[in-house]
Amino acid sequence: MSGPLPGRPSPFGPGPDEPEALFRREAVLVAAVRIDRTPDGAYTAGPLERRWRAGRPNEVVSRTDRRASYTSPQLVPLLWAPDVRWHRECGADVVSPAGFRLRAVELIRLGGFMNAALMEMETPAAANGVALLHGTLPAVRPADLPKALQFCANIDAHHRQGEQRRWVSAQLPHGCRIAETQRKMIHGVLVTPRNELPRLHDDSELATAEQWLWKMLHATEYPPPVDAGEEIGKVRFPLPSALCGVAGSVGLAVVGTAADPNTEQAPDFQFYDGSSFHLATLYGEALALACLQQLVLDAYGREVARMGESEPLRRKVGQLERDLLVFRRSYWAADFGRQDACTTIVRNFQRGCGMPEALQSLAGDLGELARQVQAAETETTNAILGVLAAIGLPLATGLAIWQGLSQADVASLYRTLGITCLTTVLLMSAFPGLRRLFVSLFHRRGRRR
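Residues numbered from 1 in each chain as written. Predicted model: local features only at pLDDT ≥ 70, side-chain atom pairs only at ≥ 80, totals over all residues. Heavy atoms only, no water.

Draft legend 1. Seen up close, the overall build of the protein chain. A tally of regular secondary structure across the protein chain gives 13 helices and 11 strands. Evaluated residue by residue, the protein chain yields a buried proportion of 50% over its 449 residues. Long-range pairs, those at least 24 residues apart, make up 73% of the contacts in the protein chain with a sequence separation of at least 6. Put simply, the protein chain shows about 21,300 Å² of open surface, and 55% of that area lies on carbon and sulfur atoms. (Helix = DSSP H or I, 4+ residues; strand = E, 2+ residues; numbered from the N terminus. Buried < 20%, exposed > 50% of the residue type's maximum accessible area, 1.4 Å probe, protein only. Contact = heavy atoms within 4.5 Å. Areas by Shrake-Rupley, 256 points an atom, 1.4 Å probe, with all protein chains shown as cover.)

As structure tokens, then:
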């Protein structure tokens, strides 16, 4: 991130326990949603447009073509195309019951093929997209900010009578609703101090910045455990100087360690302006991509579990295998090019949620279902051939004998057919394997769905 240097602490300013001790409290909250139709006219197709270094020769505008130029064109149909993404900016007075001040809402739906695949499943998909809520956390004491983040991200219907969930639902357009399985939104936060970061726990061995990273990542009021330093080391992602960040299965946290704003720089050209831009664009989209991957894997997992309850059809198993292959070559294989921070965010989220193991297990389950289908079809074919042999051989032999009789009349035909039927019954009784083939042939038809 090129730009001005971070500011130096000043001996003047608010105390460490005052809300003004923090300058930036920006957040992106990501919720899984079900989008049944294109959003109404209040939403504009395409991604939210942000500007960095506005009015300067190296100005960056977060349009689709520009995003693709510094990431990967592969992401365009997945995240930025006008048929999968919409946005709406909000006024300054849109505040949630938990104090989250909303500035914009973005919706990202799965692409056409993958969305159609989820909609065709007999197990209804809980979600087919995500909503990104851009805004700022409430201005509370620094020590209370992790708890405030927890309340803002909590959309459980039983938390505070579900007021936060109802508020989030009210910000979504008609035809879009929060997934029934969603209880807590994924969060991405950026915190910067006006002077120095206030220390949250004096008795902790962690450095001040690491305390902030751990508490904001987990959105908790409790002090970090003894092994928090080791955990932070495993989930860090690369950032420029005067910044540190961690990402996991619950979101990401970025903390500035220098004074903000820098009084030696112009108000419209601050060091941490780039961090705000990246949170609203790259980092938020990395979380969105990971959440889309997760909801697809969840939907496939439920569908495979349903199919395993009965004897599946070859066509349905084959279709799921092809759809999973498309997912692996599109959403799962997507990356952010040379943006190493975004790639690390996605990988940390995947590992934290066990998504690589879930994908491997899903592929193995589909392979097992395909093997079972093939074995069932082979068994059915053998049963048909066995039944035909048990009935056809005595019948053909009886008819040949009947035709050779000197008096091949109707009465002798009936006697021949009776003997044939008796022979078939005796064969079924004498050979248990043949009887099982005959029974399974008709029993299997009733088990198929």
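Draft legend 2. The pairing of strand β6 (residues 101-109), seen in detail. Extensive coverage of β6 is indicated by the burial of seven of its nine residues. Where strand β5 (residues 85-89) meets β6, five bridges bridge the pair, whose relative direction is antiparallel. Bridge pairing links R88 to V105 in β6. (Pairing = 2+ DSSP bridges.)

Draft legend 3. Broad picture of the pairing of β5. With four of five residues buried, β5 lies mostly within the body of the structure. Taken together, the two bridges between strand β2 (residues 44-45) and β5 define a ladder with antiparallel strand orientation. Paired with T44 across the bridge in β5 is H87.

Draft legend 4. How the structure looks around a nonpolar patch on the surface. Residues L399, V410, Y414 and L417 make up a contiguous nonpolar surface patch of about 370 Å² in total accessible area. Counting residues per element, the nonpolar patch draws most heavily on helix α12 (residues 410-430), at three residues. With respect to the helices and strands, the residue L417 is situated in helix α12. You can call L417 partly exposed: its relative accessible area is 31%. (Patch = residues over 30% accessible without salt bridge, like charges linked within 9 Å, V, L, I, M, F, W, Y side chains within 5 Å. Salt bridge = Lys/Arg side-chain N within 4 Å of Asp/Glu carboxyl O.)

Draft legend 5. Region of interest: the side chain of N115. Along the polypeptide, N115 turns up in helix α3 (residues 112-119). For N115, a relative accessible area of 15% puts it in the buried group. A polar side-chain atom of N115 sits 2.8 Å from a polar atom in the side chain of N128. (Polar contact = N/O pair within 3.5 Å; in protein donor to acceptor, adjacent residues only side chain to side chain.)

Draft legend 6. Quick peek at the environment of Q372. Structurally, the position occupied by Q372 is in helix α11 (residues 355-404). Sequence separation between Q372 and R314 is 58 residues; the distance between their C-alpha atoms is 9.5 Å.

Draft legend 7. Molecular detail of the packing of helix α6 (residues 208-218) against helix α7 (residues 228-235). Two elements in contact, α6 and α7, have axes whose closest approach is 10 Å; the angle formed by their N-to-C orientations is 75 degrees. Taken together, the axes of α6 and α7 are roughly perpendicular relative to one another. Note on element contacts: α7 touches α6 through A228, E231, I232 and V235, opposite E210, L213, W214, L217 and H218. Class assignment of the residues belonging to the contact of α6 with α7 gives a composition of six nonpolar, one polar and two charged. (Axes fitted to C-alpha atoms, helices over the stretch in contact; angles between N-to-C directions. Parallel < 35°, antiparallel > 145°, perpendicular 65-115°, else oblique. Nonpolar A, V, L, I, M, F, W, Y, C, P; charged D, E, K, R; others polar.)

Draft legend 8. Structural view of empty space enclosed by the protein. By the definition in use, this model includes two cavities of 30 Å³ or more. Each pocket or cavity is described by its volume, and for the second largest cavity that value is around 30 Å³. Lining the second largest cavity, in full, are P97, A98, F151, H159, R160, E163 and Q164. (1 Å grid on protein atoms, 1.4 Å probe; cavity = no way out; pocket = protein on both sides within 12 Å on 5 of 7 lines; lining within 4 Å. Points joined across faces, edges and corners; volume = space filled by probe spheres on them.)

Draft legend 9. Looking closely at helix α8 (residues 273-308). Here α8 contains 36 residues, and its C-alpha end-to-end distance of 52 Å stays within 8% of the 52 Å for a straight helix at 1.5 Å per residue. Of all the bends in α8, the greatest, near 45 degrees, is centred on L279. Within α8, 29 of the 36 residues are buried, leaving the element largely enclosed by the surrounding structure. (Expected span 1.5 Å × (residues − 1). Bend = angle between axes of the 7 residues up to and from the residue.)

Draft legend 10. How the structure looks around the packing of aromatic side chains. Scanning the entire structure with this criterion turns up four aromatic pairs. A ring pair is formed by F237 and Y283, whose centres lie 5.8 Å apart and whose planes are at 70 degrees; its orientation type is edge-to-face. Of the two residues, F237 is situated in the loop between α7 and β10 (243-248) and Y283 in helix α8; the sequence distance between them amounts to 46 residues. Each member of the pair, F237 as well as Y283, is classed as buried. (Phe/Tyr/Trp six-rings, centres within 6.5 Å; stacked < 30°, edge-to-face > 60°.)

Draft legend 11. Up close: unusual backbone geometry. Cis rather than trans, the peptide bond between D260 and P261 has omega equal to 5 degrees. Mapped onto the fold, P261 is located in the loop between β11 (251-256) and α8. In this structure, R53 is a non-glycine residue whose phi angle is positive, near 60 degrees. One non-glycine residue with positive phi stands out, namely R160, at about 50 degrees. Structurally, R160 can be placed in the loop between α4 (145-153) and α5 (163-171). R160 sits in the partly exposed class, given a relative accessible area of 37%.

Draft legend 12. Here's a closer look at the packing of α3 against helix α9 (residues 314-329). Contact pair α3 / α9: the axes reach a minimum separation of 11 Å and the direction vectors enclose 145 degrees. The handedness of the crossing between α3 and α9 is left-handed. Residues F113, M114 and A117 of α3 form the contact with α9, whose own contacting residues are D323, V326 and F327. (Left-handed = near helix turned anticlockwise from the far one by under 90°.)

Draft legend 13. Local environment of the pattern of salt bridges. One pass over the full model with this rule turns up 19 salt bridges. Here E106 and R85 are joined by a salt bridge, their closest N and O atoms 2.8 Å apart. Of this pair, E106 sits in strand β6 while R85 sits in strand β5, placing them 21 residues apart in sequence. Note on accessibility: E106 and R85 belong to one class, buried. Of the charged contacts, one joins R141 and D144 as a salt bridge, the two residues approaching to 2.9 Å between their closest N and O atoms. Look at R141 and you get partly exposed, because its relative accessible area is 36%. Each of R24, E26, D260 and D273 takes part in one network of salt bridges that share partners.

Any functional reading would require information that these geometric values do not contain.
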